[in-house]
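Analysis of the macromolecular model
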2 protein chains.
Amino acid sequence: MIKVAINGYGTIGRRVADAVRAQKDMSVAGIVKRKPDYVAREASRNYRIFSSDKESLKAFSQSSIEAEGTMEELLDDVDIVVDATPEGQGEKNIQVYKTARKKAIFQGGESAALVEASFNAYGNFVDSWGKDYVRVVSCNTTAMARTVSACMEKFGVRKVEATIIRRATDPNDSKKGPINAIEPSLGFPSHHGPDLKTVLKIGEANTVAIKVPTTLMHVHVVNLTLEKSITQDDTLDLFKEYGRIITVSGKEGLISTAQLMDLGKEMGRKRGDLFEIPVWKESIFANNDNLRYIQAVHQESDVVPENVDAIRSMLQEKDKETSIEETDRAMEIRGKN
Amino acid sequence: MIKVAINGYGTIGRRVADAVRAQKDMSVAGIVKRKPDYVAREASRNYRIFSSDKESLKAFSQSSIEAEGTMEELLDDVDIVVDATPEGQGEKNIQVYKTARKKAIFQGGESAALVEASFNAYGNFVDSWGKDYVRVVSCNTTAMARTVSACMEKFGVRKVEATIIRRATDPNDSKKGPINAIEPSLGFPSHHGPDLKTVLKIGEANTVAIKVPTTLMHVHVVNLTLEKSITQDDTLDLFKEYGRIITVSGKEGLISTAQLMDLGKEMGRKRGDLFEIPVWKESIFANNDNLRYIQAVHQESDVVPENVDAIRSMLQEKDKETSIEETDRAMEIRGKN
């Protein structure tokens, strides 16, 4: 049984904790939380809680929520840490993990230079094999890596062009904006193109990002130059082979990110998550070696299965296909539809 | 003096009325309004008001706002009609104009098949020369036609690729959505690409449109394949030659459509309009024969100067350069910055 610590129980951490807990070969030894808030209170029903430091431990002791100790005490007892602390904290935290001689997985907010490998399950599972410090790329890069790596395997991809329409902030945030404006990332390319190259061996990846006032999902307009000529049906058939990609249709009423998130709820997913990358069937347009499609990304949850697979790769526990299959079965990920 | 009737006093009609009124060679003979609402009340300070039909005339007679008669009476007295009625009304209205033997300009919501020519001032001013029925293309197509036609003249354009991030509705509407979702136009290309070809002689124009929850402006990510190699400076210099294109900078605080609309207000424009198409300097990326840039579109106002120029082309009053110069001077359009 792999013992996992979850450091940081925000948008990603809480979901990775539940996904790890659902696996047969791993368990959550404890979660690290800074504040004794409503999220900690709910978490205490399922997990042992540790504070991020001594000061935080004091805050817990003055609350009704019990923390068993500090992060360092939790680290003694685990095989690996999933670090889901806020962006930029990784540089500080990695020193703690090194001192404790523990492997660690970071999230996409950290720089690729911090770690030995960047991770995407479909794209480069083996690159993290046995590694100590790995980064699961961001939600947007993970989403692109999934569909693009599928196309790479079957069609060959010479060039990626994508416009990323980004959600402004997550649904549980009430601080950030914009609330009524469109804000482009000036400068070209946006960081997503270079980031994609950290997980896929791809020649050219050009991305432009535009922030818009919504909280639900990102949307990508993807335009690929392939190594061979294909049809729309080839693409539909291809995507059906991948559990973490689903094809959806406007004819079924799935015309925007609003209905896609409603689908996540109807599927009975905790928090209404949609781990799969939905690609609109009607948006798939193939013309000789040119393939276009539009996909959406549930930014809160799409990287969760990748975190689980990264654990198995780093601990050399399961090969790519076995790990992905186990993760998907446990999380009830049900592409291949 | 050219006598102009404005049929429909909504988002576009009211602005075209003011723009016509500002010209030295034309005047507004009257506006046609359906309802005696707050917009009609304000309009009555500057314009003679006519009702859209007998029923509407009755509504006016029961209000405090005077209507001098119905549309047909106004038509007797004018050289040309600018039809700015709701999308799809044009097919019905053109019969009325034909019976009255009056020239008419329609807006981008009408089909290209309804008219003899589609119009963009920079793109194809002469195509409407002497014509009776002309359509000014939509706000998005007008915006693309401006910057793309500039590039065509100087660089030659082999292919247009654009992603259009569309505002959900106009600021004075409180009915439509989405309010928290991203909604792609499924199917490829969106209507904008073919529409662009009605005003520019261009081989390939591929567009994708994505609706987002904001009311202020549209944003376009434009990707051109040119006939020659150019630099960023070539592009900046080019756009400065055109009064209806302005280059703006994030360094000046113009980082989103929110600040661009604030600029329109600070410029002292009535209704805070921004007739010019702003292109972000930092977004201009030139690599050999590939040019990318991001531009915004004030959907309520960018087609207004085109309506004025279309009048002069159809009545064979002024050549392209003279008309554009007169329109811009009267409207205080001040690109070439």
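Thresholds applied
Along each chain, residue indices are assigned from 1 in the same order as the chain's sequence is written. Working convention: letters from A go to chains and numbers from 1 go to ligands, in the order in which they are written. Local features in this predicted model are restricted to residues of pLDDT 70 or higher, and side-chain atom pairs are both shown and tallied only at a pLDDT of 80 or more, whereas totals for entire chains, interfaces and linings draw on every residue. With hydrogens and water excluded, all non-hydrogen atoms of the structure serve as input to the side-chain values. Each axis is a line fitted through C-alpha atoms, taken for helices only over the stretch in contact, and angles between the N-to-C directions span 0 to 180 degrees. The helix and strand labels rest on DSSP assignments: H or I over at least four residues marks a helix, E over at least two residues marks a strand, and numbering proceeds from the N terminus. In this scheme, roughly parallel covers angles under 35 degrees and roughly antiparallel covers those over 145, while 65 to 115 is roughly perpendicular and the rest are oblique. Note on convention: the crossing is left-handed when the near helix lies turned anticlockwise from the far helix by less than a right angle, right-handed when the turn is clockwise. Here, two residues are considered to be in contact whenever any of their heavy atoms come within 4.5 Å of each other. For this classification, Asp, Glu, Lys and Arg are treated as charged, while Ala, Val, Leu, Ile, Met, Phe, Trp, Tyr, Cys and Pro are nonpolar and the rest, including Gly, are polar. The copies were overlaid by least squares, fitting only the C-alpha atoms of residues that reach a pLDDT of 70 or more in each copy. In this description, strands pair whenever DSSP reports at least two bridges between them. In what follows, salt bridge is the name for a side-chain nitrogen of Lys or Arg lying within 4 Å of a carboxyl oxygen of Asp or Glu. Relative accessibility decides the category of a residue: with a 1.4 Å probe and only protein chains considered, values under 20% of the type maximum give buried, values over 50% give exposed, and everything between is partly exposed. Aromatic contacts are taken between Phe, Tyr and Trp rings whose centres are within 6.5 Å, Trp giving its six-membered ring; a plane angle under 30 degrees counts as stacked, one over 60 as edge-to-face, and the others as tilted. An automatic or database domain assignment supplies the start and end points of every domain. As used here, buried area is the combined drop in accessible area, with a 1.4 Å probe, of two parts when they are placed together. Any pair of N or O atoms that falls within 3.5 Å is considered a polar contact. Within protein, one atom must be able to donate a hydrogen and the other to accept it, and sequence-neighbouring residues count only if both atoms are side-chain atoms. UniProt positions are given in the numbering used here, feature names are shortened, and annotations may be inferred rather than shown by experiment. The quantity called pLDDT is the predictor's confidence in a given residue, expressed from 0 to 100.

1. Some points on the packing of helix H7 (residues 139-155) of chain B against helix H9 (residues 232-240) of chain B
Residue and element names in this part refer to chain B. At a minimum axis distance of 10 Å, the contact between H7 and H9 shows a crossing angle of 115°. By the angle between their axes, H7 is roughly perpendicular relative to H9. The interaxial crossing formed by H7 with H9 has right-handed handedness. Residues Thr147, Ala150, Cys151, Lys154 and Phe155 of H7 form the contact with H9, whose participating residues are Asp234, Thr235, Leu238 and Phe239. For the contact of H7 with H9, a count of residues per class yields 5 nonpolar, 2 polar and 2 charged.

2. Brief notes about the environment of Pro213 of chain A
With respect to the helices, strands and loops of the structure, Pro213 of chain A is situated in the loop between strand E10 (204-212) and strand E11 (218-226). Spatially, the C-alpha atoms of Pro213 of chain A and Gly193 of chain A are 23 Å apart, while their sequence positions differ by 20 residues. Not counting the four nearest positions on each side in its chain, Pro213 of chain A is found in contact with Ala168, Pro178, Ile179, Asn180 and Ala181 of chain A together with Ile179, Asn180, Pro213 and Thr214 of chain B.

3. Thoughts on the relation of the copies chain B and chain A
Least-squares fitting of chain B to chain A yields an RMSD of 0.0 Å, with the superposition described by an axial translation of 0.0 Å and a rotation of 180°. When the rotation and shift are considered jointly, the pair of chain copies conforms to a two-fold rotation axis. For chain B, the smallest separation between a C-alpha atom and the rotation axis is recorded for Pro213 of chain B, amounting to 2.9 Å. The overlap is high: 100% of the interface residues of chain B also sit at the interface in chain A, so the same surface is used on both sides.

4. So, the sheet that holds strand E1 (residues 2-7) of chain B
Residues and elements named next belong to chain B. Spatial strand order, E3-E2-E1-E4-E5-E7-E6: 7 strands in an open sheet with parallel pairing. Each having just a single partner strand, strand E3 (49-51) and strand E6 (117-119) make up the two edges of the open sheet. Each neighbouring strand pair of the sheet contributes to a mean axis angle of 25°, computed without reference to strand direction. Both E1 and strand E2 (residues 26-33) contribute to a ladder of 6 bridges, which runs parallel. Within E2, the position partnered with Ala5 by the bridge is Gly30. Against the sheet, helix H5 (residues 90-99) touches E1, strand E4 (80-83), strand E5 (103-106) and strand E7 (133-136), its axis set at about 165° to E5.

5. Some words on the pattern of salt bridges
Tallying each qualifying case throughout the model produces 60 salt bridges over all chains. Note that Glu161 of chain B is salt-bridged to Lys159 of chain B, the shortest N-O span being 3.5 Å. Bridged by salt links that share partners, the residues Asp25, Arg146, Arg244, Glu306, Asp309, Arg312, Lys318, Glu326 and Asp328 of chain A form one connected network.

6. Regarding the pairing of strand E12 (residues 245-248) of chain A
Residues and elements named next belong to chain A. Burial of E12 is two-sided: the residues Ile245 and Thr247 facing one way and the residues Ile246 and Val248 facing the other way are all buried. Here 4 bridges tie E12 to strand E13 (residues 277-280), and the two strands are oriented parallel to one another. Paired with Thr247 across the bridge in E13 is Val279.

7. A few points about the side chain of Thr215 of chain B
By the secondary structure assignment, Thr215 of chain B is in the loop between strand E10 (204-212) and strand E11 (218-226). Non-local contacts of Thr215 of chain B, meaning those with residues more than four positions away in its chain, are made with Asn180 of chain A together with Arg167, Thr169, Asp170, Pro171 and Gln299 of chain B.

8. Some thoughts on the packing of aromatic side chains
All names here are of chain A. According to the stated counting rule, one finds 14 aromatic pairs over all chains in the structure shown. Aromatic side chains Phe239 and Tyr293 sit 5.4 Å apart centroid to centroid with 80° between the ring planes, which places their arrangement in the edge-to-face category. One end of the pair, Phe239, is in helix H9 (residues 232-240); the other, Tyr293, is in strand E15 (residues 290-297), with 54 residues separating them in the sequence. Of the two residues, Phe239 and Tyr293, neither departs from the other in class, the shared state being buried. An aromatic cluster of three or more residues is present, and its members are Phe119, Phe125 and Trp129.

9. Thoughts on the domain arrangement of chain A
When the parts of a complex come together, some accessible area is lost, and that lost area is often taken as the interface size. Residue and element names in this part refer to chain A. Parsing chain A into structural domains produces domain 1 (2-137 + 303-331) and domain 2 (139-297). Placing a centre on the C-alpha atoms of domain 1 and another on those of domain 2 gives a separation of 26 Å. The interface of domain 1 with domain 2 comprises 27 residues on the first partner and 22 residues on the second. Across the domain 1/domain 2 interface, buried area totals approximately 1900 Å², and carbon plus sulfur atoms make up 45% of it. Looking only at domain 1, the three residues that lose the most surface to domain 2 are Arg15, Tyr122 and Val137, adding up to 33% of its buried area. Across the domain 1-domain 2 interface, the total number found is 8 salt bridges.

10. Notes on the interface of chain B and chain A
Taken together, the 37 residues of chain B in the interface contact 37 residues of chain A. Among the residues chain B hides against chain A, the three largest losses belong to Ile182, Leu186 and Phe188 of chain B. Together they make up 22% of the total. Where chain B packs against chain A, one counts 2 salt bridges. Between Glu161 of chain A and Arg292 of chain B there is a salt bridge whose closest N-O contact spans 2.9 Å. Summed over the shared surface of chain B and chain A, the result is 13 residue pairs in polar contact (both at pLDDT 80 or more). When contributions to the side of chain B that touches chain A are tallied by element, the ones reaching two or more residues are strand E8 (157-167), strand E9 (183-184), E10, E11, helix H10 (257-266) and strand E15 (290-297) of chain B. Tallied by class, residues from the side of chain B that touches chain A come to 20 nonpolar, 13 polar and 4 charged.

11. A short note on the UniProt feature "domain: Glyceraldehyde 3-phosphate dehydrogenase NAD(P) binding" (unreviewed entry) in chain A
Following the UniProt record, the feature "domain: Glyceraldehyde 3-phosphate dehydrogenase NAD(P) binding" (unreviewed entry) maps to residues 2-139 of chain A here. Annotation note: span residues 2-139 of chain A, helix share 33%, strand share 23%, distance between end C-alpha atoms 25 Å.

12. Some remarks on the sheet that holds strand E6 (residues 117-119) of chain A
Residues and elements named next belong to chain A. Taking strand neighbours across the sheet as the criterion, the 7 strands line up as E3-E2-E1-E4-E5-E7-E6 in an open arrangement whose pairing is parallel. Every other strand in the sheet has two partners, leaving strand E3 (49-51) and E6 as the edge strands with one partner each. The average undirected angle you get between the axes of adjacent strands in this sheet is 25°. In the sheet, strand E4 (residues 80-83) pairs with strand E5 (residues 103-106) via 3 bridges, with the strands oriented parallel. The residue bridging Val82 from the neighbouring strand is Ile105, located in E5. Against the sheet, helix H1 (residues 11-22) contacts strand E1 (2-7), strand E2 (26-33) and E4, and its axis sits at roughly 160° relative to E2.

13. Some thoughts on the confidence of the model for chain A
Averaged over all residues, the pLDDT of chain A is 96; the fraction at 70 or higher stands at 99%. This complex was scored by the predictor with a pTM of 0.94 and an ipTM of 0.92.

14. Digging into the side chain of Ser249 of chain A
Positionally, Ser249 of chain A belongs in the loop between E12 and helix H10 (257-266). Other than its neighbours up to four places away in sequence, Ser249 of chain A contacts Leu254, Trp280, Lys281 and Glu282 of chain A.

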